[in-house]
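If you want the building blocks of each chain, they are given just below.
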Amino acid sequence: VIIFFYTIYVYAQFEGGGKILHQTFKIDPTFGILVSALITIVYSAAGGCTAVVWTDACQSILMIITFVLVPIIAFYHVCNQGLSISLALESAGPEMNSWLGTQAGLEIGLLAAGLFILNRLSWMFGYFGGQPPLSTRWMAMKDDKEVKKGTYVALIWTILAYSGAIMIGFCALTLYGKGAVKDPEEILPFMLVKMMPAWLTGLLLTGAIAAMMSTASSQLLVISSSITEDILHKALKKNISDRNLVIISKIVLLTIGLVALTLALSFGKPIFSIVSWAWAGIGCSF
């Protein structure tokens, strides 16, 4: 389950890095994917768990700065121009102003609405211990005091980041209208280039790149440890020294990383659909 879903999940992250670099610097998306993937694979393989945890901490700070600062600045622009978010949603079409994201809205019937809600609720299982990269963070903490502190940090971070991401979407639709970019998933770099000075755009875009890198590195590490520890060491009872296990795990990490890179270069699916499928799939499985 881990190998299957997370390889696909990592491929989505690499594609996300390519999109950001393409929208910001007009770099060819293929080259952007290569750059994003190779940097993430190399530092994950070189540093292991320690490198991933430290870089995750730094990347999380960058991400939260982006998701807090950008919505505030964007909302200021909305107010300054006398625009209305609710009117923008209404004028963008019935599917934009519907909780169900369809033109028919609630008219599609209670059964369809119920299935939609159930489908979206499948995400929640990922937060109840269904995501190994999240679970391993709690398992690695020193004591219960750290776990309690981590709980507050996780809750506050998640509320701020997710609220900020939603607000960025609302403000972008209000400021630039529907269809401002061909790919809706490139709206954040598009907004930053339009609203901010170049130096601040570069700084805030590292938050978006950080989101991709921290997710991909964590998942690559979980896949490699699952194969080496769970399959080779425990299931197959292979008597392998710690040094050789580390070497094998690095080889596995590089291999899975290259497979995910190949998928990213071969397919062009929307990132959100891939992530929602993989997150819910592994969350519900566990």
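Residues numbered from 1 in each chain as written. Predicted model: local features only at pLDDT ≥ 70, side-chain atom pairs only at ≥ 80, totals over all residues. Heavy atoms only, no water.

J.: Where do I start with the overall build of the chain in this structure?
T.: Within the chain, the regular secondary structure consists of 10 helices and zero strands. The secondary structure elements of the chain, listed N-terminal to C-terminal, are α-α-α-α-α-α-α-α-α-α. What you see for the chain is a C-alpha radius of gyration of 20 Å, in line with the 19 Å of a compact globule of 286 residues. Projected onto its principal axes, the C-alpha positions of the chain cover 70 × 50 × 45 Å. In the chain, buried positions account for 42% of the 286 residues. Residue pairs in contact within the chain that sit at least 24 positions apart in sequence constitute 76% of those at least 6 positions apart. On the chain, roughly 16000 Å² of surface is accessible, and the fraction owed to carbon and sulfur atoms is 71%. Distance from the positive charge centre (17 side chains) to the negative charge centre (15 side chains) of the chain: 6 Å. (Helix = DSSP H or I, 4+ residues; strand = E, 2+ residues; numbered from the N terminus. Rg over C-alpha atoms; globule rule 2.2 N^0.38 Å. Buried < 20%, exposed > 50% of the residue type's maximum accessible area, 1.4 Å probe, protein only. Contact = heavy atoms within 4.5 Å. Areas by Shrake-Rupley, 256 points an atom, 1.4 Å probe, with all protein chains shown as cover. Lys, Arg positive; Asp, Glu negative; His and termini not counted. Charge placed at Lys NZ, Arg CZ, Asp CG, Glu CD.)

J.: What is the right way to look at the nonpolar core in this model?
T.: Most often, soluble globular proteins have nonpolar side chains that are buried together. Residues Tyr6, Phe14, Val70, Met191, Leu192, Met195 and Met196 are the most contacted members of the largest nonpolar core, which totals 67 residues. For this core, the leading source of residues is helix α8 (residues 198–235), giving 14 residues. (Core = buried A, V, L, I, M, F, W, Y, C linked by side-chain atoms within 4.5 Å.)

J.: Explain the confidence of the model for the chain here, please?
T.: Detailed conclusions should not be drawn from predicted coordinates in areas where pLDDT is low. In the predicted model, the chain carries a mean pLDDT of 85, and the fraction of residues at 70 or more is 95%. Across the chain, helix α6 (residues 144–176) holds the top mean pLDDT of 93, while helix α4 (residues 110–121) sits lowest at 76. (pLDDT = per-residue confidence, 0-100.)

J.: Help me understand the packing of aromatic side chains, please; the structure alone is not making it clear to me.
T.: Two aromatic rings are characterised by how far apart their centres lie and by the angle between their planes. This model, assessed by the stated rule, comprises five aromatic pairs. Note on Phe5 and Trp277: the rings are 5.2 Å apart at their centroids and 50 degrees apart in plane angle, and the pair reads as tilted. In this pair, Phe5 sits in helix α1 (residues 2–25) while Trp277 sits in helix α10 (residues 271–285), placing the two residues 272 residues apart along the sequence. Here Tyr176 and Phe190 contribute two aromatic rings whose centre-to-centre distance is 5.3 Å and whose plane-to-plane angle is 85 degrees, an arrangement assigned as edge-to-face. You can see Tyr176 sitting in helix α6 and its partner Phe190 sitting in helix α7 (residues 187–195), a full 14 residues away along the chain. (Phe/Tyr/Trp six-rings, centres within 6.5 Å; stacked < 30°, edge-to-face > 60°.)

J.: What is the right way to look at the side chain of Ser217 in this model?
T.: Mapped onto the elements, Ser217 comes out in helix α8. Setting aside chain neighbours within four positions, we find Ser217 in contact with Thr40, Tyr43, Ser44, Val52 and Asp56.

J.: Honestly, the state of the cysteines in this entry has me stumped. Any pointers?
T.: A disulfide bridge is the covalent bond that connects two cysteines by way of their sulfur atoms. All chains considered together, the criterion is met by zero disulfides. No disulfide involves Cys79; its sulfur sits 8.1 Å from that of Cys171, the nearest cysteine. With a relative accessible area of 47%, Cys79 lands in the partly exposed category. (Disulfide = S-S within 2.5 Å.)

J.: What should I look at first to understand the environment of Thr215 in this one?
T.: As for its placement among the helices and strands, Thr215 is situated in helix α8. On the accessibility criterion, Thr215 (23% relative accessible area) is partly exposed. Considering only alpha carbons, one finds Thr215 and Thr50, 165 residues apart in sequence, at a separation of 15 Å.

J.: So what exactly am I meant to see when it comes to the pattern of salt bridges here?
T.: Between side chains of opposite charge, a pair can form when the charged atoms approach closely. On inspection of all chains with the given rule, the structure shows four salt bridges. Among the ionic pairs, Asp56 bridges to Arg137, the shortest N-O distance being 2.3 Å. Taken together, the residues Asp56 in helix α2 (residues 29–80) and Arg137 in helix α5 (residues 132–139) connect sequence positions 81 residues apart. Its relative accessible area of 10% is what places Asp56 among the buried residues. Bridged by salt links that share partners, the residues Lys19, Asp183 and Glu185 form one connected network. (Salt bridge = Lys/Arg side-chain N within 4 Å of Asp/Glu carboxyl O.)

J.: Just to check I follow, could you spell out the packing of α8 against helix α9 (residues 242–266) for this structure?
T.: When two helices pack together, their arrangement is given by the angle between the helix axes and by the axis-to-axis distance. Relative to each other, α8 and α9 sit at 130 degrees, their axes nearing to 8 Å. The angle between α8 and α9 places the two elements in the oblique class. The two elements α8 and α9 cross, and the hand of that crossing is right-handed. From α8, Leu220, Leu221, Ile223, Ser224, Ile227, Thr228, Glu229, Leu232 and His233 reach across to α9, where they touch Leu245, Ile248, Ser249, Val252, Leu253, Ile256 and Gly257. Here the residues of the contact of α8 with α9 are counted per class, giving 10 nonpolar, five polar and one charged. (Axes fitted to C-alpha atoms, helices over the stretch in contact; angles between N-to-C directions. Parallel < 35°, antiparallel > 145°, perpendicular 65-115°, else oblique. Left-handed = near helix turned anticlockwise from the far one by under 90°. Nonpolar A, V, L, I, M, F, W, Y, C, P; charged D, E, K, R; others polar.)

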